2 protein chains.
Amino acid sequence: MSKRVTMADVAREADVSLMTVSRVINQADSVSDGTRQRILDVIDTLGYRPSGIARGLATQRTGTLGLVVPDIANPFFSGVARGAEQIAYTEGYNVFLCNSEEDTAREVDILQSLEEKRVDGLILCSSRLEDDDLAQALSAHAFAVLFNRRIDSDSIRSTMVDDESGAIKLTRYLLSSGRRRIGMLAGPPASHSGHQRLRGYRAALAAADLTLSDDLVIPCTPSVTGGMSAASDLLSVHSQLDALICYNDLVAVGALQACAELELSVPEDIAIAGFDDIPISGLVTPPLTTCSVPLQTMGEAAMRLLLNQISGCNSTDLDTVFYPELVVRAST
Amino acid sequence: MSKRVTMADVAREADVSLMTVSRVINQADSVSDGTRQRILDVIDTLGYRPSGIARGLATQRTGTLGLVVPDIANPFFSGVARGAEQIAYTEGYNVFLCNSEEDTAREVDILQSLEEKRVDGLILCSSRLEDDDLAQALSAHAFAVLFNRRIDSDSIRSTMVDDESGAIKLTRYLLSSGRRRIGMLAGPPASHSGHQRLRGYRAALAAADLTLSDDLVIPCTPSVTGGMSAASDLLSVHSQLDALICYNDLVAVGALQACAELELSVPEDIAIAGFDDIPISGLVTPPLTTCSVPLQTMGEAAMRLLLNQISGCNSTDLDTVFYPELVVRAST
DNA sequence: CTGTTAGCGCATTCAC
DNA sequence: GTGAATGCGCTAACAG
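Thresholds, definitions, all that
Residues numbered from 1 in each chain as written. Chains lettered and ligands numbered in written order. Predicted model: local features only at pLDDT ≥ 70, side-chain atom pairs only at ≥ 80, totals over all residues. Heavy atoms only, no water. Domains from an automatic or database assignment. Helix = DSSP H or I, 4+ residues; strand = E, 2+ residues; numbered from the N terminus. Buried < 20%, exposed > 50% of the residue type's maximum accessible area, 1.4 Å probe, protein only. Contact = heavy atoms within 4.5 Å. Buried area = accessible area lost by both parts, 1.4 Å probe. Salt bridge = Lys/Arg side-chain N within 4 Å of Asp/Glu carboxyl O. Polar contact = N/O pair within 3.5 Å; in protein donor to acceptor, adjacent residues only side chain to side chain. Near = heavy atom within 4 Å. Nonpolar A, V, L, I, M, F, W, Y, C, P; charged D, E, K, R; others polar.

### Notes on the domain arrangement of chain A
Reasoning step 1: By the assigned domains, chain A splits into domain 1 (7–59), domain 2 (64–162 + 295–324) and domain 3 (163–292).
Reasoning step 2: Using C-alpha coordinates to define each centre, domain 1 of chain A is positioned 34 Å away from domain 2 of chain A.

What follows is the structure, given as structure tokens:
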């Protein structure tokens, strides 16, 4: 591997100064067509590729962004990531993908490493940090967009799902279809989404003048196995439940499996509803009633918000809120 | 936002030279404990964070890697990405995630942008480029690991699934369970995996002295909808098929749906088998018989291979080959 | 339209 | 143990 071709090599070969080469590369127009073409030719034959890091040092802008998710293997976040990456790509940015593993220490560590890499901005999904710690960890970053989380800061925007309204729709629908004893698998205790969805559930019940015991709500790990064990725990104690609202679709799939093991038929014996409408939700048996969150679109929106902040044009952009839609399928 | 704290600020504040600060940061031992502690304190109170790009410029190593996948929303690749990112994180690297969208032009573009970012190495999954173009696009990168693809080069290793043996296992199993008219939804024509799986299918049939028309093999887009339309196309012409091997599980799920629409019951009328064993495969109805590929483990292996190459220690590492395992479920 | 000077923030020689 | 000089590859600000 011979030494890398630098701008100096190009300049020498084309018999111009560094500056002129730099101008050609940066699309500046103040270069005569002749020289420009000559330089472009030299760049081509030499196979010159400008160094992003050198440029980054000089300009204080790296053209890189960070995307922090709890787990990229979770279809929810891989959908968001796809949307976000797509927009970043079309705008010429590269994206660091980081898995926080729902671990606050790792989250802080990641935020620091992204700072060392001098990202121009970042999107942080489902942070598990306390407000103060989050503000602290983010303080070194000029621009950030939070996903499903809000924080008081000028430079930080949010892209949100209105979880509460979604949960209200879901609960109201179950009530309207005659269900009265509705339990909830509420997700991780520290989850903002979980809290909001729980609020919605309670609000809808209250609006229907229905009071249910808090025993019907239990937390769970947001995964298929988490849903399965939580559902069997809950149902073994409260066998009279006729519906279950789940933190998300993965949990709901687990609940379906638990019902199968308990020989409860869905939706006859018990209705199961999820949240998010991830790709598998329409493919399981029975297909899941759920609340649809436009994953990819939200990823795109978050990235647009971030890039607008960075470019400073539309820095007056407000937070983006998405309203989930009820998707009725056979599980209810 | 005040100006960033630099090493010079730390040096001045601690009343030492730049060099000493640099030594402390890089763990060099030739610094007295007193000075070291004083510097660490200053770093802490000033909130100094070394600039990765400046360091990258000076050392020619960025501590960043590239991961190129066709589509991160595909559970196959998000599994791989999770494994790869996990290893990279523990070794102190950051990973650029890029979606090639199965588009060769975009793939080349991505490889160039990763070169400009001066990544230390990259993992490239399921490249759709011709061998020559691939070698060309990779030539600027010191280290690369290919996923499910081999190429003749000293600096390029591969992590492979033995697709052929997997397809043989699958086909042999179907034959042993009495299926005789086995069709195949073979995936994208340009897919290396597709070719190998097709080879395995043919080899197993040949070994059983069974000759089937090539009409029973058709290409398809590697998605649920692709599988659905391909399956209904194939079955509308060849209604006598008693089994279908699918390029991957997504395609198989599509095939299941096509069968449902055609009112064919699985597995009574026709057996459906997939490939990869992605998370949803055990959750659909009926659960899919498939060939299990350890996604996350493969991602980890690919990343280890890459990091070993980069560090130069085990540069004699061979390619890693994973043998898929037959997973029999109710769809066959 | 083009070139010169200066620095971005850090690590790598060498000296002391 | 510590420091001074030099350069990594590029762009910004000014001259011409």
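### Notes on unusual backbone geometry
Reasoning step 1: Between A:Val266 and the following residue, A:Pro267, the backbone shows a cis peptide bond with an omega angle of 10°.
Reasoning step 2: Among the secondary structure elements, A:Pro267 is positioned in the loop between helix 11 (249–261) and strand 9 (271–273).
Reasoning step 3: Residue B:Arg118 is not a glycine yet carries a positive backbone phi of 60°.
Reasoning step 4: Along the chain, B:Arg118 turns up in the loop between helix 6 (104–116) and strand 3 (121–125).
Reasoning step 5: Residue classification places B:Arg118 among the buried residues on the basis of a relative accessible area of 12%.
Reasoning step 6: Of note in the backbone geometry, B:Glu263 takes a positive phi value of approximately 60° without being a glycine.
Reasoning step 7: Along the chain, B:Glu263 turns up in the loop between helix 11 (249–261) and strand 9 (271–273).

### Concerning the interface of chain B and chain A
Reasoning step 1: Counting residues at the interface gives 47 residues for chain B and 48 residues for chain A.
Reasoning step 2: Interface area for chain B against chain A, summed over the two sides, is near 4,800 Å², with a carbon-plus-sulfur share of 53%.
Reasoning step 3: In terms of surface lost to chain A, no three residues of chain B exceed B:Arg49, B:Ile53 and B:Arg118, which account for 15% of the buried area on that side.
Reasoning step 4: The tally of links between chain B and chain A comes to ten salt bridges.
Reasoning step 5: The residue A:Asp71 makes a salt bridge to B:Arg82 at a minimum N-O spacing of 2.8 Å.
Reasoning step 6: At the junction of chain B with chain A, the criterion picks out 28 residue pairs in polar contact (both at pLDDT 80 or more).

### Side note on the protein's contact with DNA strand C
Reasoning step 1: Around DNA strand C there are 25 residues in total, and A:Thr20, A:Arg23, B:Met7, B:Met19 and B:Tyr48 lie nearest to it.
Reasoning step 2: Counting only the atoms of DNA strand C within 4 Å of the protein, the fraction contributed by sugar and phosphate is 63%.
Reasoning step 3: Contact distances for DNA strand C include 2.9 Å between a phosphate oxygen and a backbone N or O atom of A:Ser32.
Reasoning step 4: For the surface near DNA strand C, the secondary-structure elements that each account for two or more residues are helix 2 (18–25) and helix 4 (52–59) of chain A together with helix 2 (18–25) and helix 4 (52–59) of chain B.
Reasoning step 5: With four residues, helix 4 of chain B is the single largest residue contributor to the surface near DNA strand C.
Reasoning step 6: Here the surface near DNA strand C is composed, by residue class, of eleven nonpolar, eleven polar and three charged.

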